[in-house]
Every structure is written in structure tokens, then in C-alpha cells.
Amino acid sequence: MEHRSVETHFTDLHAGRTLTPADLDEEYAHRSPETPASAQTTRWVRANFVSSLDGAISVEGRSGALGSMGDKTVFHRLRALADVVLVGAGTARAEDYGGAVISAQDRGARTARGQAPVPPIAVVTGSGRIDADSRLFSGEVPPLVITSKTAPTERITPLRKAGAEVVIAGDDAVDPHAMIAALTERGLPRVLCEGGPHLFGDLIDTDLIDELCVTTSPHLVAGRGGRMAASSADALRRMRRTALLTDQDGFLYTRWVRDRSQQ
Ligand SMILES: NC(=O)c1ccc[n+]([C@@H]2O[C@H](COP(=O)([O-])OP(=O)(O)OC[C@H]3O[C@@H](n4cnc5c(N)ncnc54)[C@H](OP(=O)(O)O)[C@@H]3O)[C@@H](O)[C@H]2O)c1
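Notes on the structure follow. Residue numbers here run from 1 along each chain, matching the order of that chain's written sequence. Only residues with pLDDT of at least 70 get local features here, since the model is predicted, and only at 80 or more are side-chain atom pairs given and counted; chain-wide, interface and lining totals rely on the full set of residues.

### A short note on the overall build of the protein
Here is step 1 of the chain: Each helix is a run of H or I in the DSSP string that is no shorter than four residues. Each strand is a run of E no shorter than two, and both are numbered from the N terminus. A count of helices and strands for the protein gives seven helices and 11 strands.
Here is step 2 of the chain: The atom set for the radius of gyration is the C-alpha atoms, and the globule formula is 2.2 Å times the number of residues raised to the power 0.38. Relative to the globule expectation of 18 Å for 263 residues, the C-alpha radius of gyration of the protein, 18 Å, shows essentially globular dimensions.
Here is step 3 of the chain: Its C-alpha atoms give the protein principal-axis dimensions of roughly 55 × 45 × 40 Å.
Here is step 4 of the chain: Residue burial is a threshold on neighbouring C-beta atoms within 10 Å of the residue's own C-beta, all placed from the backbone, with 20 or more meaning buried, 12 or fewer meaning exposed, and counts in between meaning partly exposed. Taking all 263 residues of the protein together, 36% fall into the buried category.
Here is step 5 of the chain: Here the contacts in the protein between residues at least 6 apart in sequence split such that 68% fall between residues at least 24 apart. Contacts here follow a simple rule: the backbone-placed C-beta atoms of the two residues must lie within 7 Å.

### A short note on the sheet that holds strand E2 (residues 17–19)
Here is step 1 of the chain: We call two strands paired when DSSP finds no fewer than two bridges between them. Within the open sheet, the 11 strands sit side by side as E2-E1-E10-E11-E9-E3-E8-E4-E5-E6-E7. Their pairing is mixed. Looking at strand neighbours, the two that pair on one side only are E2 and strand E7 (165–168), the edges of this open sheet. Going from strand to strand, the sheet's axes swing by 25° on average, the running direction of each strand aside.
Here is step 2 of the chain: Judged from the three bridges that link them, strand E5 (residues 121–124) and strand E6 (residues 144–147) form a sheet pairing that is parallel. Within the sheet, the bridge partner assigned to Val 124 lies in E6 and is Ile 146. Axis lines are fitted through C-alpha atoms, for helices just across the contact stretch, and the angle between N-to-C directions can take any value from 0 to 180 degrees.

### Here's the deal with the site of the ligand
Here is step 1 of the chain: Nearness here has a simple definition: the residue's C-beta atom, placed using the backbone, must lie within 6 Å of the molecule or strand. In the vicinity of the ligand, 29 residues are found, and the nearest of them are Gly 88, Gly 90, Gly 195, Gly 196 and His 198.
Here is step 2 of the chain: Listed by contribution, the elements that provide at least two residues to the shell around the ligand are strand E3 (44–52), helix H3 (89–94) and helix H7 (197–205).
Here is step 3 of the chain: Charged means Asp, Glu, Lys or Arg here, nonpolar means Ala, Val, Leu, Ile, Met, Phe, Trp, Tyr, Cys or Pro, and polar covers whatever is left, Gly included. For the shell around the ligand, the per-class residue count stands at 12 nonpolar, 12 polar and five charged.

### A few points about unusual backbone geometry
Here is step 1 of the chain: Cis geometry is found at the peptide bond from Gly 195 to Gly 196, where omega equals 0°.
Here is step 2 of the chain: Here Gly 196 lies in the loop between strand E8 (190–193) and H7.
Here is step 3 of the chain: Positioned with a positive phi, Glu 60 is a non-glycine residue whose angle comes to about 55°.
Here is step 4 of the chain: Mapped onto the secondary structure, Glu 60 falls in the loop between E3 and helix H2 (69–81).
Here is step 5 of the chain: With a phi angle near 50°, Asp 96 is a residue other than glycine that sits in the positive phi range.
Here is step 6 of the chain: Among the structural elements, Asp 96 can be located in the loop between H3 and helix H4 (104–112).
Here is step 7 of the chain: Using a count of 11 C-beta atoms within 10 Å as the deciding quantity, one classes Asp 96 as exposed.

### With respect to the pairing of E6
Here is step 1 of the chain: Residue alternation in E6 divides its side chains into two sets, Leu 144 and Ile 146 and Val 145 and Thr 147, and both sets are buried.
Here is step 2 of the chain: Here E6 pairs with E7 via four bridges, running parallel. When the bridges of E7 are listed, Leu 144 appears paired with Glu 165.
Here is step 3 of the chain: By convention a crossover is right-handed if, when the strands point away from the viewer, the path from the first strand over the helix to the second runs clockwise. In this region the chain leaves E6, passes through helix H5 (residues 153–161) and returns to the parallel neighbour E7; the handedness of that crossover is right-handed.

### Some points on the nonpolar core
Here is step 1 of the chain: Residues Val 85, Leu 86, Ala 122, Val 123, Ile 146, Val 191 and Cys 193 are the most contacted members of the largest nonpolar core, which totals 56 residues.
Here is step 2 of the chain: Take this core: its biggest share by element is five residues, from E3.
Here is step 3 of the chain: Ignoring sequence-local partners within four residues, the contact set of Ala 122 consists of Val 84, Val 85, Leu 86, Pro 143, Leu 144, Ile 146 and Leu 183. Here, a nonpolar core means buried Ala, Val, Leu, Ile, Met, Phe, Trp, Tyr and Cys residues linked by C-beta atoms lying within 7 Å of one another.

### Quick notes on the environment of Asn 48
Here is step 1 of the chain: Checked against the element boundaries, Asn 48 lands in strand E3.
Here is step 2 of the chain: Of the residues examined, Asn 48 has 24 C-beta atoms within 10 Å and is grouped as buried.
Here is step 3 of the chain: Here the alpha-carbon distance between Asn 48 and Thr 157, two residues 109 residues apart in the chain, equals 31 Å.
Here is step 4 of the chain: In this structure Asn 48 touches Phe 75, Leu 78, Leu 192, Glu 194 and Cys 213, once residues within four positions along its chain are discounted.

### Here we look at the pairing of E8
Here is step 1 of the chain: Residues Arg 190 and Leu 192 of E8 are buried on one face, and the alternating residues Val 191 and Cys 193, pointing to the opposite face, are buried as well.
Here is step 2 of the chain: In this structure, strand E4 (residues 84–88) lies alongside E8, joined through three bridges in parallel fashion. Within E8, the residue paired with Val 84 across the bridge is Val 191.

Shape descriptors only; they carry no functional weight alone.
Listed below in C-alpha cells is the structure:
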């Protein structure tokens, strides 16, 4: 039987030291490591995924089997730091997304940073195929639904009635630049994208990704689960590693920042 620890101890493999929870927040601060902590963060689009060793991001259609206590810790730290959690409708449907849950301590820290106590979930959809009775609408703060002008009114109206703020970002399709601009205009510039592959692929394609956090899960999966990103054309974006952590369960946690000095 696999050993599971109750509390995760993270080790920074660069510095060879154990991290406290406060160190973890510093490790994942919303800026490139060269930027001074005092600098005001403007737009920052971070993505977070968990992947198996062979590149699978799901097992039987969901990511849960790849995770761990440590992955959950990082997942919740990243949510606690974000202004908004951005997710594709495919992932929201597959993972039965609800609202973000933020601890009392994190609410205090968020308020002190000038953030709302709880980040909203922003769901990106072309079709508007979101269930107004889903868990998304039972969160503490209403979700945002990001769509385009051509989304069917009969699908969007019930979402609005259920409390969603509908954001139109594009004419025939959602334009990723317009989407990120709309979030920034709403005072939500620190974006945490939790996937899935099509949304992440569009953000790579449009070169909007500033950072990728990857949990590498010590499993082989094979099967037909997709990889992290999907788009119609290849894109090559140079990234630079800024963090390399592990834990006692053998998971690896890497943080990669876009290197715009290169391709
Ligand atoms: N391991 C991980 O960390 C992780 C993270 C996330 C997801 N996943 C897995 O990924 C799978 C879901 O994959 P997926 O490809 O369906 O994910 P997805 O990218 O979340 O969803 C695709 C759908 O989202 C909407 N969408 C995404 N980008 C859009 C854009 N630019 N414009 C308009 N709509 C956009 C569309 O919804 P409509 O169909 O409504 O138009 C599209 O059909 C699940 O198995 C999930 O478990 C794993």
C-alpha cells in the first residue's frame, strides 16, 4: 500500500533546504524572480498543471489520481495568491468545478494585499454549455463566464440569471488577448489558469503565458489521456526554470517563467 503523509515537507533542490509554508508563498510570488518584491504586479498569467511522468494529465478523464497532499498544497497556495482562477469549460465540466475555498488566514493576507477575500472562478466557453445548476454557482462568489458575441443567448441568459457575470471577449470566438485585458480591467490582473489543454494551448499560441507551474506525479499512466496543451498549430516558447522542489512522497514541483529574451 502506498505511503501517504499527512503533512508535506517541501525541499528546495536548488538551495538544499526545507521550506516552510511562508517560504512556499515567497517561492510562488507573482513576479519573475528578478523583480523586486516591492514592485507592483501588473498582468501575470500563470498556469498550473499536474502531469504523470509519461505526460498524461488525466486518468479516466480526471486529474485527481495524479495528485497528492503536496500537489493540493501548491494548488491551494496558488489559488490563495491569485486574483482570478481561469478555467476552460471542458475542465469545469469534467472536474465538476465549484468556487474557490480560502482560509481565514489567507483572506486576511489577501485583503492586506488589496485583493478580494476570495478569487472568482472565470470559465471560458464558446458554446455556453454550462449547467446553471452546477457547483460553479454555489460558491461564495459568483463565477465569471467569458464568451464571445456569437454564444447562443438561450444558453447564456440562464447563466446570467444564476448570478454569473458574463464577459464578452471577442466576436466569433473568445479572443485570449481581449479576455486577459477584460480581467485586468476588472482589477483581476493576477490570473491563475488551471487548464485545461485547449485553453492553455490558446494562451501559449497567443504568447500570453508568463509562468507555468508543473507538479510531476511519480506515476506512469499510458492510456489516451491528453497532454497539457493542445492547439491547431505548433508554438515554441522558451521558458526558464525558477523553482525546483520535491517532497517526501517523490513528487517534483517546478516553476517556469517565460523567457522573452529568447523565442
Ligand atoms: N492535470 C491537470 O492539471 C489538468 C488540468 C486541467 C484539465 N485537466 C484535464 O483536461 C481534460 C479537459 O480537457 P479539455 O480540452 O476539455 O479542457 P479545456 O481547455 O478546459 O476545455 C475545452 C473547452 O473549453 C472552452 N474553451 C477553452 N478555450 C477556449 C477559447 N479560447 N475560446 C472559447 N472556448 C474555450 C470550450 O468550451 P465549450 O465547449 O463550452 O465551447 C472548449 O470546448 C479533463 O480530463 C481534465 O481532467 C487536467
